[in-house]
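Observations on the three-dimensional arrangement
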Amino acid sequence: MRRAVVACAIGQIFEIFDFVIYGFFAVAIGRAFFPSSDPVASLLASFATFAVGFLMRPVGAMVIGWYGDRFGRRKALVITIGLMAFATGCTGLIPSYTSIGVWGAFLLVICRMLQGFSTGGEWGGAAAFLVEHAPAGRRGLVGSLQQAATALGAMGATFSAAILTSTLSAESFFAWGWRIPFLIGFVLGPIGYYLRTRVAETPAFQRAEATRSLTRMPLAEAITTHGWVFLAAFGLSIVGCVINYVFLVFLPSFASQTLKIDLSHALWSTSLAGVLYLVFTPIVGHYSDRIGRKPMLFTCAVLAFVMAYPLFLFLETHPTFWGLLVVQATAQLVLTLYTGVISTILAEMFPTNVRYTALSVSYGFAVAIFGGFAPYIATSLVHWTGDPLAPSYYVMAAGLASGVAVLFVKERVHEPALA
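All of the points below concern the structure found in this document. Quick caveat: nothing in here was measured; it's all calculated off a predicted structure.

Here's the deal with the overall build of the protein
Tallying secondary structure elements over the protein gives 21 helices and zero strands in all. Each of the three principal axes of the protein carries a C-alpha extent, and together these read 60 × 45 × 35 Å. Within the protein, the fraction of its 419 residues that count as buried is 60%. Pairs at least 24 residues apart make up 87% of the contacts formed inside the protein by residues separated by at least 6 positions. Carbon and sulfur atoms make up 71% of the accessible area of the protein, which totals about 15,600 Å². Of note, the protein has its 24 positive side-chain charges centred 10 Å away from the centre of its 17 negative side-chain charges.

A closer look at the pattern of salt bridges
Under the defined criterion, the tally for this structure stands at eight salt bridges. A salt bridge links Glu348 to Arg293, with the nearest nitrogen and oxygen atoms 2.8 Å apart. In this pair, Glu348 is assigned in helix H18 (residues 342–348) and Arg293 in the loop between helix H15 (263–291) and helix H16 (294–317), connecting sequence segments 55 residues apart. The same class applies to Glu348 as to Arg293, namely buried.

A look at a nonpolar patch on the surface
On the surface, Val6, Ile10, Leu93, Trp176, Ile180, Leu183, Ile184, Phe186, Val187, Leu188 and Ile191 cluster together into a nonpolar patch covering about 920 Å² of accessible area. Only helix H1 (2–24), helix H10 (180–183) and helix H11 (185–196) provide two or more residues apiece to the nonpolar patch. Here the nonpolar patch takes four residues from H11, the largest share from any one element. Within the secondary structure, Ile180 is located in helix H10.

Looking at the layout of surface pockets
The volume enclosed by the largest pocket comes to roughly 250 Å³. If you trace the largest pocket, you find 13 residues lining it, with Ala170, Phe174, Ser256, Asp262 and Leu263 closest to the centre. Ranked by residues supplied to the lining of the largest pocket, first place goes to helix H9 (residues 170–175) with three residues. A class-by-class count of the residues in the lining of the largest pocket yields six nonpolar, five polar and two charged.

Looking at the packing of aromatic side chains
In total, this model carries eleven aromatic pairs according to the counting rule given. Aromatic pair Tyr67 and Phe71: ring centres 5.1 Å apart, planes at 45 degrees, arrangement tilted. Here Tyr67 and its partner Phe71 are both found in helix H4 (residues 57–71), four residues apart, which amounts to about one turn of the helix. Through a chain of ring-to-ring contacts, three or more aromatic side chains come together here, namely Trp66, Tyr67 and Phe71.

What to know about empty space enclosed by the protein
Counted under the stated rule, the structure contains three cavities of 30 Å³ or more. In this structure, the largest cavity spans a volume of roughly 330 Å³. Taken together, 28 residues form the lining of the largest cavity, with Ile16, Thr150, Asn244, Tyr245 and Tyr277 sitting closest to its centre. Elements supplying a minimum of two residues to the lining of the largest cavity: H1, helix H7 (102–133), helix H8 (139–167), helix H14 (227–257), H15, helix H17 (321–339) and helix H19 (352–371). Tallied by class, the residues present in the lining of the largest cavity amount to 17 nonpolar, ten polar and one charged. Computed from the structure, the second largest cavity encloses a volume of approximately 60 Å³. Taken together, Ile243, Phe247, Leu303, Ala304, Met307, Ala308, Leu311, Ala331, Val334 and Val395 make up the lining of the second largest cavity. Among the secondary structure elements, those contributing two or more residues to the lining of the second largest cavity are H14, H16 and H17. Sort the elements by how many residues they give to the lining of the second largest cavity and H16 lands first, with five residues.

Regarding the state of the cysteines
For the structure on display, the rule yields zero disulfides. Here Cys300 stays free of any disulfide, with the sulfur of Cys241 as its closest cysteine sulfur at 11 Å.

Some points on the nonpolar core
One finds Leu236, Ile243, Phe247 and Leu346 to be the most contacted residues of the largest nonpolar core, which totals 74 residues. With 19 residues, H14 is the single largest residue contributor to this core. Apart from the residues within four sequence positions on either side, Leu236 is in contact with Leu297, Tyr338, Ile342, Ile345, Leu346, Met349, Ser402, Ala405, Val406 and Val409.

Observations regarding the environment of Ala347
Considering the arrangement of structural elements, one finds Ala347 in helix H18. Separated by 204 residues in sequence, Ala347 and Gly143 place their C-alpha atoms 9.0 Å apart. Setting aside residues up to four positions removed in sequence, Ala347 forms contacts with Val131, Arg355, Leu359 and Leu418.

Thoughts on the environment of Ala126
As for its position among the elements, Ala126 is in helix H7. Residue classification places Ala126 among the buried residues on the basis of a relative accessible area of 0%.

As for the environment of Leu168
Note that Leu168 resides in the loop between H8 and H9. Sequence separation between Leu168 and Leu77 is 91 residues, and the spatial gap between their C-alpha atoms is 36 Å. Excluding residues that lie within four positions of it along the chain, Leu168 makes contacts with Phe173, Trp176 and Gly177.

Brief notes about H17
For H17, spanning 19 residues, the distance from its first C-alpha to its last is 25 Å, which sits close to the expected 27 Å at 1.5 Å a residue. Among the 19 residues that make up H17, 15 are buried, leaving the element largely enclosed by the rest of the structure.

Rules and cut-offs
- Residues numbered from 1 in each chain as written.
- Predicted model: local features only at pLDDT ≥ 70, side-chain atom pairs only at ≥ 80, totals over all residues.
- Heavy atoms only, no water.
- Helix = DSSP H or I, 4+ residues; strand = E, 2+ residues; numbered from the N terminus.
- Buried < 20%, exposed > 50% of the residue type's maximum accessible area, 1.4 Å probe, protein only.
- Contact = heavy atoms within 4.5 Å.
- Areas by Shrake-Rupley, 256 points an atom, 1.4 Å probe, with all protein chains shown as cover.
- Lys, Arg positive; Asp, Glu negative; His and termini not counted.
- Charge placed at Lys NZ, Arg CZ, Asp CG, Glu CD.
- Salt bridge = Lys/Arg side-chain N within 4 Å of Asp/Glu carboxyl O.
- Patch = residues over 30% accessible without salt bridge, like charges linked within 9 Å, V, L, I, M, F, W, Y side chains within 5 Å.
- 1 Å grid on protein atoms, 1.4 Å probe; cavity = no way out; pocket = protein on both sides within 12 Å on 5 of 7 lines; lining within 4 Å.
- Points joined across faces, edges and corners; volume = space filled by probe spheres on them.
- Nonpolar A, V, L, I, M, F, W, Y, C, P; charged D, E, K, R; others polar.
- Phe/Tyr/Trp six-rings, centres within 6.5 Å; stacked < 30°, edge-to-face > 60°.
- Disulfide = S-S within 2.5 Å.
- Core = buried A, V, L, I, M, F, W, Y, C linked by side-chain atoms within 4.5 Å.
- Expected span 1.5 Å × (residues − 1).

Below you can see the structure in the form of structure tokens.
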């Protein structure tokens, strides 16, 4: 169990670090590959490329999910970490617009697509892998460790971004400093690869393989046999994606560009708020083993709907480091009600023969549609309306959608083992 958690966590930390760092360096990447006299236009182009990676997440979820349901979770997770290491390292080496013109942007999009493809298969595989290894009565806690590892990856990304923006001059950071975290991918990738090749396959998959209950077309079976469950899983995933990418990815760039908060201060705020994510996610997972997953998710959805507007209003009236920290810390606490249970509840909703594919695709589409485009949509809402509070309406809509979806989910916290 410990080896499974470590192997899964190391890979998840690395994957999320690589994928999220792009969002934090959106301003620098916009200047490097999408030069424009209008800073907002440059930022929009950078966030559009950020969103392209999310469009590939459902594709990766379908392809790698199929492989994981047919040939094993461990083999699939070995593939995802290798792809991510390659794409991330290459991103740090792409020449800028001033060197090769539009080809730089083209290569950036290709690398971003590979990152999205890899991450699409990583998240669902890691969730299935951990929950299938977990003993009865502890699935919530063990499943939450995947999201805790995600927190470590995100914190690593924000801390590295904060350190670089604090220690380098603006000229050095925008010229070459932003590339450093991407190049780390070439170093950390082999470590995760080694660990994942040394861990056993999950007991649930081994049982399914032994009883010949695996299916050749897991996605088709998930949709035809578990269609309503599949749709509910998609709905559940929306609110967490939107909270995460609006308050933690979009907000630092927004605070820097629009509210004129120093970028390094905005990134330090995001880093400190991430500590709450790390600490409270396993706590929520632990208590979900006692009171259930649904109460946690429903509370998260309600709070997202109720608190989004007041949080943005507070930040507008307090456009300082401390104001941003209060807003992001509050959002993180609400988010942990989601992160503490989402891996486990999605895994519990599907049988072993379609679990990897079904939870990867349902979650992947939610992230692609509502999470990946969240920074772009939020930036566009502010640009079109001239109202800095406009992104809050997007968060409120997400809370409403997921709150309704929770009502259609069957609670399985007390079932002894995953089928």
